Amino acid sequence: MEFSDDFHLFLQNYWPHVVLIVTLTASVAAAIHAAMTKDDVRAAIGWVAIVIFSPLLGAIFYFFAGINRIRQERVTQQRVLAEHDLMLIEQLEVRECPEAWPEQTHAMLKAGDSISRYPLLKGNAIELLNGGDQTYPAMLNAIYQAKKSIALQSYIFDHDHMGERIAKALVAAQERGVEVRVLIDAVGSKYSRPPIIQLLREHRIPAALFLPTAMGMRLAYANLRSHRKVLVVDGELALAGGMNIRESFTSEFGKDAMTHDTHFRIRGPATRQLMDSFAHDWEFTTSERLDGEKWFSSINSVVQTENTAIRVVPSGPDKTLASNQHMVMAALSTAKHHVRIQSPYFLPDIVLIGALTTAARRGVIVDVVIPGNNNLKLVSAAMDAQLDQMVAEGVRIWASSGTFDHSKLMTVDGFWTYAGSSNLDPRSLRLNFELDLEVYNAALTQQIEARIDQSIATAHQVTLEALQAKPFGIRLRNRLIWLATPYL
């Protein structure tokens, strides 16, 4: 009792000193950690400033949102393929561009080889799927026809009408003997209540959450999320791109407010790269290794008569950091005629802005389509605050009409396409785990270009005059929000 009384008396008399010591210790430790571990000087300065000017609270915020807790050796370890598979892959690898390909693709091939851990492989077939009305029936059909395995990964998997349809299809597949694995991001799973993972687990489907957040909270802008969206069936058929699983992406449930997006159906050796990416993430999350022909069909069984060359480009806050940004910048530096970009969240950093404006100065037409009606108002305000930097240098920015479009697309010169889960914002380029496709195919590229041009036809062009004509209060608000760009 005497010790307890003395301790309470000590706290009563010296609690301000205790708070000061704890605050100083936490703040100094957080500032030192940020300075020593952040590779981007802007991120380091930003976090140190937050810690210094918000004592204790800044350190707590840094502890939850600023520390990269990813164990790189587990996330980035490369799977060991069987020797005969390596030999077959070498036969399909594109090392030299065919003469029929545009000249600039030679440079892009070399850039991709140095950026992605996966080689560019020929022998693929790829199809553009427009929105949920095409994508979800394709997903359901693939699940219904599965014979050996289903691997499904998504950032958001809502517990709504569409989510339940896909969940029931997965349950039915497992009941007929198909091996099923479902990986959902821990934050994305909380966009609907109750989370769909409860339904999956009730039916004994192996389902896991990628990087659960502190205390299970849904943090709208939590860091280190898995933003990847991929479905691989029997190791032979894959669907990948930018689409989450949400009923609002369909005309059936979204009606006139339907959200638009794009996805891709792929057959060919690239499906093995997509499955390999899923297996990496699944093993990191659950420690279960997926291997064998059940998950990775032989190369001979997946090579298609169509000869589209595809490379999978994973990126994330590990050894693949900024791979998506490096691919975009390489494409901008090699483009000769026309670059088209569609991005729902367009917040390029100063380096990427420089690449965009340099391409425009070289005489390349650079068209960027952004939503006229964005679903994230803070991001929209931050976007608006920096558009003048690009518009002034000749980059053509178009604000689309109609409902929100979630598509993430880039094309170059009618032949090269880059598409997938990556937005052109700091979160996708540095903080999230993303999965994109690099595609060499004139027909697909021109199909996407026509889609983007259709959006441009009904969009309004953003001009310097219009940006400068906005009330000072609005412009000031947007600039203040823009200061938080690295954390949006």
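Residues numbered from 1 in each chain as written. Predicted model: local features only at pLDDT ≥ 70, side-chain atom pairs only at ≥ 80, totals over all residues. Heavy atoms only, no water.

**As for the pairing of strand E13 (residues 416-420)**
Okay, so step 1: Taken across its five residues, E13 has five buried, putting it largely inside the fold.
Okay, so step 2: Burial along E13 is two-sided: Trp 416, Tyr 418 and Gly 420 and Thr 417 and Ala 419, pointing in opposite directions, are all buried.
Okay, so step 3: Between strand E12 (residues 409-412) and the antiparallel strand that follows it, E13, lie three residues; Asp 413 among them carries a positive phi value of about 55 degrees.
Okay, so step 4: Of the pairings in the sheet, the one linking E13 to strand E14 (residues 434-440) comprises five bridges and is antiparallel in character. Note that in E14 the partner of Thr 417 across the bridge is Val 439. (Buried < 20%, exposed > 50% of the residue type's maximum accessible area, 1.4 Å probe, protein only. Helix = DSSP H or I, 4+ residues; strand = E, 2+ residues; numbered from the N terminus. Pairing = 2+ DSSP bridges.)

**Points about helix H8 (residues 161-175)**
Okay, so step 1: Look at H8: 21 Å from first C-alpha to last across 15 residues, which is about the 21 Å you get at 1.5 Å a residue.
Okay, so step 2: Packed against the buried residues of H8 are helix H7 (131-144), strand E2 (149-154), strand E3 (179-185), helix H9 (196-202) and helix H10 (251-254).
Okay, so step 3: Residue Asp 160 occupies the N-cap position of H8, its side-chain oxygen lying 3.2 Å from the main-chain nitrogen of Met 162.
Okay, so step 4: One or two residues past the end of H8 sits Gly 177, with phi positive at roughly 100 degrees. (Expected span 1.5 Å × (residues − 1). Contact = heavy atoms within 4.5 Å. Polar contact = N/O pair within 3.5 Å; in protein donor to acceptor, adjacent residues only side chain to side chain.)

**Quick notes on a nonpolar patch on the surface**
Okay, so step 1: On the surface, a cluster of nonpolar side chains totalling about 440 Å² of accessible area is made up of Phe 472, Leu 476, Leu 480 and Leu 483.
Okay, so step 2: Checked against the element boundaries, Leu 480 lands in helix H19 (residues 472-482). (Patch = residues over 30% accessible without salt bridge, like charges linked within 9 Å, V, L, I, M, F, W, Y side chains within 5 Å. Areas by Shrake-Rupley, 256 points an atom, 1.4 Å probe, with all protein chains shown as cover. Salt bridge = Lys/Arg side-chain N within 4 Å of Asp/Glu carboxyl O.)

**Focus: the packing of helix H13 (residues 323-334) against helix H14 (residues 350-361)**
Okay, so step 1: Two elements in contact, H13 and H14, have axes whose closest approach is 9 Å; the angle formed by their N-to-C orientations is 20 degrees. With respect to H14, the axis of H13 lies roughly parallel. In terms of crossing hand, the pair formed by H13 and H14 is left-handed. Contacts between H13 and H14 involve Gln 325, Val 328, Met 329 and Leu 332 on the former and, on the latter, Val 351, Leu 352, Ala 355, Leu 356 and Ala 359.
Okay, so step 2: Within the contact of H13 with H14, the residues separate by chemical class into eight nonpolar, one polar and no charged. (Axes fitted to C-alpha atoms, helices over the stretch in contact; angles between N-to-C directions. Parallel < 35°, antiparallel > 145°, perpendicular 65-115°, else oblique. Left-handed = near helix turned anticlockwise from the far one by under 90°. Nonpolar A, V, L, I, M, F, W, Y, C, P; charged D, E, K, R; others polar.)

**Observations regarding the environment of Ala 240**
Okay, so step 1: Checked against the element boundaries, Ala 240 lands in strand E6 (residues 237-241).
Okay, so step 2: Ala 240 gets classed as buried once you look at its relative accessible area, which sits at 3%.
Okay, so step 3: Put simply, Ala 240 and Phe 264 are 24 residues apart on the chain and 5.4 Å apart in space, counted from C-alpha to C-alpha.
Okay, so step 4: For Ala 240, the residues in contact, after removing those within four places along its chain, are Lys 229, Val 230, His 263, Phe 264, Ile 266 and Leu 274.

**Points about the side chain of Asn 374**
Okay, so step 1: Position of Asn 374 among the secondary structure elements: in the loop between strand E10 (365-371) and helix H15 (377-391).
Okay, so step 2: The class for Asn 374 is buried, based on a relative accessible area of 4%.
Okay, so step 3: Within the local environment of Asn 374, its side chain forms a polar contact with the backbone nitrogen of Leu 376, the two atoms lying 3.0 Å apart.
Okay, so step 4: Aside from chain neighbours lying at most four places away, what touches Asn 374 is Pro 344, Tyr 345, Ser 380, Met 383 and Phe 404.

**Some thoughts on the nonpolar core**
Okay, so step 1: Ranked by internal contacts, the top residues of the largest apolar core, which has 53 residues, are Leu 332, Phe 346, Leu 356, Ile 397, Met 410, Trp 416 and Tyr 440.
Okay, so step 2: Sort the elements by how many residues they give to this core and H15 lands first, with seven residues.
Okay, so step 3: Setting aside residues up to four positions removed in sequence, Ile 397 forms contacts with Phe 346, Val 368, Ile 370, Leu 387, Val 391, His 460, Gln 461 and Val 462.
Okay, so step 4: Tyr 118, Ile 126, Ala 279 and Leu 435 belong to the second-largest nonpolar core, a separate cluster that totals 38 residues. (Core = buried A, V, L, I, M, F, W, Y, C linked by side-chain atoms within 4.5 Å.)

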